[in-house]
Each structure stands twice: as structure tokens, then as C-alpha cells.
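# Observations on the three-dimensional arrangement
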Amino acid sequence: MSVIYILLSISIIVAIVFFIAFITAVKKGQFDDSYTPSVRMLFDDELVKDSSNTSIKTKKD
Amino acid sequence: MEQTTCFHCGDNCNDLIIAFNEKSFCCNGCKTVYEIFSENDLTCYYDLQNSPGAIPKEIEGKYDFLSQKNIIEKLTEFNDEVIQITTLYIPHIHCSSCIWILENLNKLNSNITSSQVNFGKKTVRVTYNSTLTSLKEVVLLLSSIGYEPYISLDDFKTGKQNVNRSLIYKLGIAGFAFGNVMFLSFPEYFEVGEFWLEKYKHLFRWLMFAFSLPVVFYAGVDYFISAYKGINSKILNIDVPIAIGIAVLFIRSTIEISFDLGSGFFDSLTGLVFFLLLGKFFQQKTYSFLSFERDYKSYFPIAVTKITSEGNETPIQVYNIKKGDRLLIRNEELIPVDGILINGKARIDYSFVTGESESVSKISGDKLFAGGKQTSGVIEMEALKSVEQSYLTQLWSNDVFNKNKEDGFTNLTNTISKRFTIAVLSIAIIATSFWLYTDASKAMNVFTAVLIIACPCAIALSAPFTFGNLLRIFGKQKFYVKNASVIEQLASINTIIFDKTGTITSNKKSTANYEGESLSHSEEVLLKNTLRGSNHPLSRTLYNILDEHNIISLNHFEEHLGKGIEASHNKDHIKIGSASYVGTTETSVLNTTVHISTNNHYKGKYTFYNSYRKGLSELFNKLKKHYDLVILSGDNEGELENLKKLLPSKTKLIFNQKPDDKLEYIKYHQTEGAKVLMIGDGLNDAGALAQSNVGIAISENINVFSPACDAVLDASKFKHLNTFIRASKSAIKIIKWSFVLSLIYNIIGLYFAVTGQLAPVIAAILMPLSSISIVVFTTITTNILGKKIRLKSNS
């Protein structure tokens, strides 16, 4: 058994893993909206800041 | 004076400025929204974008129908006892603040578990606990913060919409196979008889075979289907030579590797399908927030208020309205069915239905038509017909709405494909018969090689990439085109038909001319101040046109319904209104006029005219050289003289056209060989837009609905229509040039093929090279074209 069989099967398995990942991503609708996630990701900080603000205020109250 | 703008919505605060928290607001609505946000620590909303908000509208009672079970069932996509999920369309979504606030709805109502915005589609998907809150509450919450969802009859459909993602799957599979096959076929490109290569080449080849199977039988299957359909209807479309190419590539390669004759052409095969699908994908520019397929259902409400025999108000689904039902129509609501006015002051705006520019007053007992919008107060009406049988909605039973415009149109690619296919087949046959005489062993080889190399990949790619790129460029210039075929049709038109109201006139402004004795200064002041107190649409328009004057307090003010208004200040007395009211006789029957008399002495009249879009006559003068121009209006002839002055003399002006008349007019001229571009805006043009070769809807606001059409043009770009038409013509030229380019590649390839020396490596180089150079050529040229458009439309 030559090493090339192992290498070949590994390379194909890796390729197929990525391929399956792509198919599931499409299925889950990741390609349906390509704009909103790019904006949403920028809000994560704001949300953290906001929730801490809220907690401080409630303490004061 | 410096204008103060509203902190919430950005509008100018005119007379009234409401100060709150050191910020100024234009109305109480905006202030309330600000209060809601600041109480809930959501003022980040204003940090992300300046004045992102909208003024919340009066909504009392409007959404009562949302508590009905069958309506909730239709509007939710998931519904069990506890959790409901609904997707609402919100036209106001326009910036990152909108996304932020809508995804934080759970802070405003803790029973909302999550909300997710799709910015492109302008929708928000809300998940909430239906035992603690309700769909109605969610909608009311959204409306109260200025994000009123748009719910129309169109949403009342059964079944969920399936998203068609098959092209992405196919593209993914083809790309995956292409990459792997390239990688596996690489060693054999150099044809060195090395030991290792000899030993493993069979394994490599069969792996390539395995990778190409899904490409041929799944990703490329559309080409076989389309070619089969084409041959069935005796059309040699572009998919015929492509399908032959794919089939021959696959069969020959399989035979080659089975009998160890060579390495096959799997690399070219997968590459070909991948590039073709890439072209298809690129051409598919979709404006998910626009719909080009709307019918009356998108305008009509899902439910209205019915008055039961006991006098109670209950919501009723529009489809369930029967003859004889009593309906309550609120201000700004649409009349869903034909009926008779029972009581209330009706002022119906039919501009969308008939194209008449002025709203009409109706009194009890008058007939009301479906599609009109009530503009003053609440009315009660009795239904005479059901929704589908109403005057306006009947238009949609016309066959033209079931026809597919692309069916009757042979596009440029298919025109050339016919000659191309015949030429390739004859070359293949001649070359084969030549080789049969000289060297019969090579004959089959040459025959298949010709079919492989002549596979018109580059030709098939030129149109998708050119049009696809142009669609994007047009989109940036606010001209939203449905698909590539529309651009092609746009290049071939010879007649342009315009609707009048809302298309060449702007909805917002109208102008008025004064005729008669000139008014003294004190009379002007009195006139302006009298108009100030009236809410009649004509008073409002005239008020806005007149110069600014001091505010005086009137001693006496009285409005006579349907007649006019009178007022007095000190000793002066003024009457404003219809001719008979003021004490004179009406001279112009067709135009809208307002007469004025002071101290019982007739002074003169204001005649209202439509105000035409900027650059109208300039546009018409540019267009008249190449096209027949027609104005087809549903309005009366009142504007005839005005239009004659504005437009080139050979423009045909036709008035009093009903929706059906417009459709028939276009149909008739099409039988005479005219290729018609129809430009309209309202539902009354829907039939004409569908019948025409290209139907463009003009829209003041892209978020507001436009009727079914092929393209939507933003009203601000109306004067650049000519630029867009000329750009489509240039696109056709670009495609023709890229055809020439790809033919050169084909000739080079054919040389190798007919001489019997087509090695897989040559095919593998030529095919991607021709495809890529076509893509580069079309992209660069269309971008140059785009630059020209940008320069022109910004100038």
C-alpha cells in the first residue's frame, strides 16, 4: 500500500468535509441575506455597554 | 431663519417645536418614540445614525383584525400553543439604527423572545410568546415606534414560500468538482512517461470520472432540459450546442479512460459547467425589497371593519365580504369593494386607480369603486360586489397577466446560436468525412473534438456578464430592472408611451395661476389667513403656493361643505370657493378652479395645473429623434394646451383612457409592429405595463408599491430615461463584440480539432482562457459604460 493512497483519501475526505459544510450552510439560509449579518456584528459591543448601563441604573434606583 | 430639524425623524420643525430633554422634535409622535427609547435605554438608536426615525402614524382600530384566528394563522409561519413566529415587512427599514432597534424589541416587550432583521428584504422576523402577548400587540408596538409593518391582502396566502437555492447548490457542486478534477488532472498535463504517473493514472482518472458525475447529471441537467425543450419547439437555442458539448465531452472521456486511450476531458467538462453556472448566478441580480409581480392584492388591506346588523364593529377578511355588507372605512383606508356610500363625508382619491389627479367628493347614495382611498374622516358604505368582481380587480382577469413576456422574444444569444450550431455541425461533418478518406481511425476523434471545442461557452457567457453588470450599474442609479432580458428588449423599442398623472407630473406639487383683478395687499393677507384655517386639499395646496404673510386673527370664519369658505377681518369680507358659491359662472369645465370675491365683489380665480417633472420637455426633445412619443392619460383634457406648449409637436396626446383602453391601444400598435415602452405609475396602468414590451413604473418612493412591471425607475431619475435606453443599446454592441472575440477563440480551437491534434491540455487551456477573457472584456467595457451613465445622471 503506497502512501499516495492515504494522501489521496485524506485530501478527498477534507474536500468532502468542506463540501458538506457548504451544503449545510446553504440549507440553513446563510446565503439568503448577505448584508444584515455584516451590520449586526458591529452591534455586539453596543449591546454589552447597554446592558451594563441598565444594571447600574437599576442599582441606583 | 435657521431651520430646526427633528432629533427623531430629521424633518424640518416648521411652526411648532417641541423641546424635550434639550432636544427638539417636530411633533408629539416623534417625542413619544424618543421617550419610549430613552426609558428603555435604547438611545443608542440615535448614536448609530442621525435622526433615523419615522413619525408614528395614527393607528387606532386599524389592526383590530389581527386578533382574528384565521388571519393570525396565515400571517405566522410557526404557531403552536405558546410560540408564534411571524415575518413582517417594514418599508421604513433603511439604516443600521433600524436593524439595531428592531433586533432589540425584546427590551420593549419582554415577551418577544427574538427578532431578526433581513435588511435586503426589509423584513423583521419576530418570535414571541403568544400566551403573554399577541400578534396585534407586536404590530402595535412596532407602529408606536415608527416602524409600521405593511400588511396587505398579498400576505393572506396559503403555504410557505420556498426559497429556491438550487442554483447555489449547483454552482457549489460544479465548483467543488472543477477544483478537484483540475488538481487530479494536473500531473498528466506534462505527459511525461514517468513510472509513478503510469502506475497511478488509472486511479486518478476514475476519481475524475466520479467527480464529474454529479456535474453532468445534477449541475448541468438544466442545459439538457432546455436544449430538449428548444428542439421540441424547433428552436436551436444556445443550450443545444452546450448540451451537445457536455454530452460529447462526458461520453468521449469515459470511453477514453475505459479503453486507456487517453486521460479524457473531465477538467474541461467540469470547468465548462462551472463557468456557465457562474454566468447564470451573476446575471441573477435580484432586488429582494422590490417585487415586480404585484397585482391589486399588494395594495388591498387584508381586512376591513364590518358593521354588523346589531351595530357592532367587527373586522372582516376582505375575501369574505358579501353583497349587502356594511363596511366602515377610516381615514387613509382603501375601499376594498365596489359599493354605495351610506353616510359620512367621502373624499375619494382615485389617482392610483384611474389617473385622475384630483380627489372627488361623494355624497350619500353615490357609488364608490374599489381601490379609491378615503381621505377625510370615517365613512360607512354598503358592498355591492365581492373583491374579485369589482371594477378595478376585474382588469386582472385579462389574459395579458398570465403571459410570459420572454416567451415571444428571441434574444440575441439564441439568434446567433442558430447559425452557430448549423455551422459547427457542418464543419464537424465535413472534417469527419475528410478524415474518413485519409485516416479513418482518426475520424471519430476529429468529430468529437470539433463538437467539444466548438462548445459555445464564451458566447453563452457574454450576455449574462454584460447584462448582469449593467443591472447592477442601473440599480446604483436607482433604475431597478427585473432581469437581463428586459435590458435587451429596452434596446429594441421604437415607441414610448407615457401615462400623465404621477408619471410626467409629480404627485407632490401642483401650481396655480391667478386670473382676474389683482388683489391688494390686505386682501392677500386675508386670503392667506383664511386658507390657513381650512383643511380642504385645495386650500392646503393654495396656501402653500401663496407668499408668506403676517398672521392676523379673523373675526369670522365659516366653512361651507362642498361650496367654499368665508371669513371676515375688520371690515373686509372674503369668500373663497366654487363659482356658484362666489356668485359667478364657471368658465373652464375641465380645470380645477378656486374663485375669490371680496366684499361681494368678484375678483378672480386660481386655476390649478399639474406640475410637471423637471427636465420633461428636455427629455422629450431628446427622445423625439428616435422614438414615437405618446401621452396616454386617464385624466380629462384640461391639461391639453399646457402639454402642447411643453412637448414636441409630434407627440400624440390622448385623454380619457380607461385602464382597458390603454391596454388595447398598446396591443393594437404592437400588431402594427411597434415595440412599446410603457411608462406608468398606478394600478390603472397595470394592464398597459403588462401588455407593453417593456413596462417601467415610476416611483416617488421605492418602498411604496408600484404595479407589476419590468423595471422600477426612481422619479428623481426620470429625466435620465434617455441615458438608460442608450446604455442598453451600447450593451448590445458590447455583446456583439464579445461574440466576435469568442469566435476567434473558436476558430483557433477548430484548427486543432479538424487537424486531429486536440490534446486535453489544449482544451483545458482554451476553454477557461476564452471564458475568462470574455468576462474581463465585458466587465471592463460595461464599467466604462457605467461611468458614462454616472457622469450624465449626476450632471
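Residues numbered from 1 in each chain as written. Chains lettered and ligands numbered in written order. Predicted model: local features only at pLDDT ≥ 70, side-chain atom pairs only at ≥ 80, totals over all residues. Heavy atoms only, no water.

The helix and strand tally for chain A stands at 3 helices and 0 strands. Overall, chain A shows an N-to-C arrangement of helices and strands of α-α-α. Within the span of chain A, comprising 61 residues, buried residues form 23% of the whole. A total of about 4,600 Å² of accessible surface is found on chain A, and carbon and sulfur atoms cover 68% of it. (Helix = DSSP H or I, 4+ residues; strand = E, 2+ residues; numbered from the N terminus. Buried < 20%, exposed > 50% of the residue type's maximum accessible area, 1.4 Å probe, protein only. Areas by Shrake-Rupley, 256 points an atom, 1.4 Å probe, with all protein chains shown as cover.)

Helices and strands together make up the secondary structure of chain B, namely 24 helices and 30 strands. Considering only C-alpha atoms, chain B reaches an extent of 115 × 65 × 55 Å along its principal axes. When the 795 residues of chain B are sorted by exposure, 54% land in the buried category. Pairs at least 24 residues apart make up 67% of the contacts formed inside chain B by residues separated by at least 6 positions. Accessible area of chain B: about 36,300 Å², with a carbon and sulfur share of 54%. Within chain B, the 76 negative side-chain charges are centred at a point lying 7 Å from the centre of the 79 positive side-chain charges. (Contact = heavy atoms within 4.5 Å. Lys, Arg positive; Asp, Glu negative; His and termini not counted. Charge placed at Lys NZ, Arg CZ, Asp CG, Glu CD.)

For the rest of this paragraph, the subject is the environment of Ala458 of chain B. All names here are of chain B. Relative to the helices and strands, Ala458 resides in helix α13 (residues 457–476). The exposure class assigned to Ala458 is buried, which follows from its relative accessible area of 6%. As a C-alpha pair, Ala458 and Ala346 span 112 residues in sequence and 62 Å in three-dimensional space. Those residues in contact with Ala458, other than ones at most four positions away along the chain, are Ser742, Ser770 and Ile774.

Once that is clear, we can look at the sheet that holds strand β13 (residues 346–349) of chain B. All names here are of chain B. Strand order in the open sheet formed by 3 strands is β14-β13-β16, and the pairing between neighbours is antiparallel. Of all strands in the sheet, those bounded by a partner on one side alone are β14 (360–362) and β16 (373–374). Examined bridge by bridge, β13 and β16 share 2 bridges and lie antiparallel to one another. Looking across to β16, one finds that Asp349 is bridged to Lys373. (Pairing = 2+ DSSP bridges.)

What follows deals with the domain arrangement of chain B. When cut into domains, chain B gives domain 1 (4–48), domain 2 (64–151), domain 3 (166–278), domain 4 (298–397), domain 5 (478–505 + 615–726) and domain 6 (507–612). For domain 1 of chain B and domain 3 of chain B, the distance between their C-alpha centroids amounts to 62 Å. (Domains from an automatic or database assignment.)

Residues and elements named next belong to chain B. Ranked by internal contacts, the top residues of the largest apolar core, which has 119 residues, are Ile496, Phe498 and Ile696. Excluding anything up to four places from it in sequence, Ile696 contacts Phe479, Leu490, Leu677, Met678, Ile679, Gly680, Leu689, Ala711, Leu713 and Leu721. One finds Cys9, Phe25, Ile93 and Val126 within the second-largest nonpolar core, a separate group that totals 50 residues. (Core = buried A, V, L, I, M, F, W, Y, C linked by side-chain atoms within 4.5 Å.)

Further remarks concern the pattern of salt bridges. Residue and element names in this part refer to chain B. What the rule picks out here adds up to 12 salt bridges over all chains. Across the pair Lys280 and Asp222 runs a salt bridge, and its minimum N-O distance is 3.9 Å. Taken together, the positions of Lys280 in helix α10 (residues 266–283) and Asp222 in helix α8 (residues 221–232) put the pair 58 residues apart, joining distant regions of the chain. On the accessibility criterion, Lys280 (31% relative accessible area) is partly exposed. Residue classification places Asp222 among the partly exposed positions, given a relative accessible area of 28%. For the salt bridge of Glu256 with Arg252, the shortest nitrogen-to-oxygen distance reads 3.0 Å. Taken as a pair, Glu256 and Arg252 lie in helix α9 (residues 239–258) at a separation of 4 residues, close to a single helical turn. For the pair shown, Glu256 and Arg252 are each scored as buried. (Salt bridge = Lys/Arg side-chain N within 4 Å of Asp/Glu carboxyl O.)

On to the pairing of strand β9 (residues 303–307) of chain B, then. Residues and elements named next belong to chain B. Within β9, 4 of the 5 residues are buried, leaving the element largely enclosed by the surrounding structure. Counted between consecutive antiparallel strands, the loop separating β9 from strand β10 (residues 313–317) contains 5 residues, among which Gly311 sits at a positive phi close to 90°. Bridging between β9 and strand β11 (residues 326–329) involves 3 bridges; their strand directions are antiparallel. Pairing of Thr305 across the sheet is with Leu328, part of β11.

Let's shift gears to the pairing of strand β12 (residues 339–343) of chain B. Residues and elements named next belong to chain B. Strand direction decides the pairing type here: β12 and strand β15 (residues 367–368), joined by 2 bridges, are antiparallel. If you follow Ile340 over to β15, its bridge partner there is Lys367. As paired elements, β12 and strand β17 (residues 379–383) share 4 bridges and run antiparallel to each other. Among the inter-strand pairings, Gly339 is bridged to a residue of β17, identified as Ala383.

This brings us to the sheet that holds strand β29 (residues 694–699) of chain B. Residues and elements named next belong to chain B. Judged by pairing direction, the sheet is mixed, and its 7 strands sit side by side in the order β18-β30-β29-β28-β19-β26-β27 without closing on themselves. Edge strands, defined here as strands with exactly one partner in the open sheet, are β18 (479–481) and β27 (652–654). Put simply, the sheet's adjacent strands are angled 20° from each other on average, direction ignored. Two elements, strand β28 (residues 676–680) and β29, share 4 bridges in a ladder whose sense is parallel. Paired with Leu677 across the bridge in β29 is Val694. Strands in contact with helix α14 (residues 484–491) are β18, β28 and β29; relative to β29, the strand with the most contacts, it is inclined by about 105°. (Axes fitted to C-alpha atoms, helices over the stretch in contact; angles between N-to-C directions.)

Residue and element names in this part refer to chain B. The grouping of Lys624, Lys625, Lys650, Arg726, Lys729, Lys733, Lys788 and Lys792 at the surface amounts to a positive patch. Of all the secondary structure elements, the ones that give two or more residues to the positive patch are α23 (721–754) and α24 (760–794). A per-element tally of the positive patch places α23 first, with 3 residues. Considering the arrangement of structural elements, one finds Lys792 in helix α24. (Patch = residues over 30% accessible without salt bridge, like charges linked within 9 Å, V, L, I, M, F, W, Y side chains within 5 Å.)

Attention now goes to the packing of α9 of chain B against helix α12 (residues 440–453) of chain B. All names here are of chain B. At a closest axis distance of 8 Å, the pairing of α9 and α12 adopts a crossing angle of 135°. Classed by the angle they form, the pair α9 and α12 counts as oblique. Taken as a pair, α9 and α12 cross one another with a handedness that is left-handed. Contacts from Ile244, Gly245, Val248, Leu249 and Arg252 of α9 reach α12 at Asn445, Thr448, Ala449, Leu451 and Ile452. Class assignment for the residues of the contact of α9 with α12 results in 6 nonpolar, 3 polar and 1 charged. (Parallel < 35°, antiparallel > 145°, perpendicular 65-115°, else oblique. Left-handed = near helix turned anticlockwise from the far one by under 90°. Nonpolar A, V, L, I, M, F, W, Y, C, P; charged D, E, K, R; others polar.)

Turning our attention to unusual backbone geometry. Residues and elements named next belong to chain B. With phi around 45°, Asn599 is a residue other than glycine that occupies positive phi space. Tracing the chain through its elements places Asn599 in the loop between β24 (592–598) and β25 (601–612). One non-glycine residue, Asn600, lies in positive phi territory at about 60°. By secondary structure assignment, the location of Asn600 is in the loop between β24 and β25. Asn600 gets classed as exposed once you look at its relative accessible area, which sits at 68%.

Our next topic: the interface of chain B and chain A. Tallying the contact residues gives 30 residues for chain B and 27 residues for chain A. Of the roughly 2,600 Å² buried between chain B and chain A, counting both surfaces, carbon and sulfur atoms make up 68%. Together, Asp41, Tyr169 and Tyr200 of chain B form the three largest contributors to the area buried by chain B at its contact with chain A, with a combined 22%. Taken together, the connections running from chain B to chain A amount to 0 salt bridges. On inspection of chain B and its partner chain A, the count reaches 3 residue pairs in polar contact (both at pLDDT 80 or more). Sorting the residues of the side of chain B that touches chain A by element identifies α2 (44–48), α4 (96–102), β7 (112–118), α6 (166–185) and α7 (195–219) of chain B as the ones contributing at least two each. Of all the elements, α6 of chain B adds the most residues to the side of chain B that touches chain A, at 8 residues. Split by residue class, the side of chain B that touches chain A holds 19 nonpolar, 7 polar and 4 charged. (Buried area = accessible area lost by both parts, 1.4 Å probe. Polar contact = N/O pair within 3.5 Å; in protein donor to acceptor, adjacent residues only side chain to side chain.)

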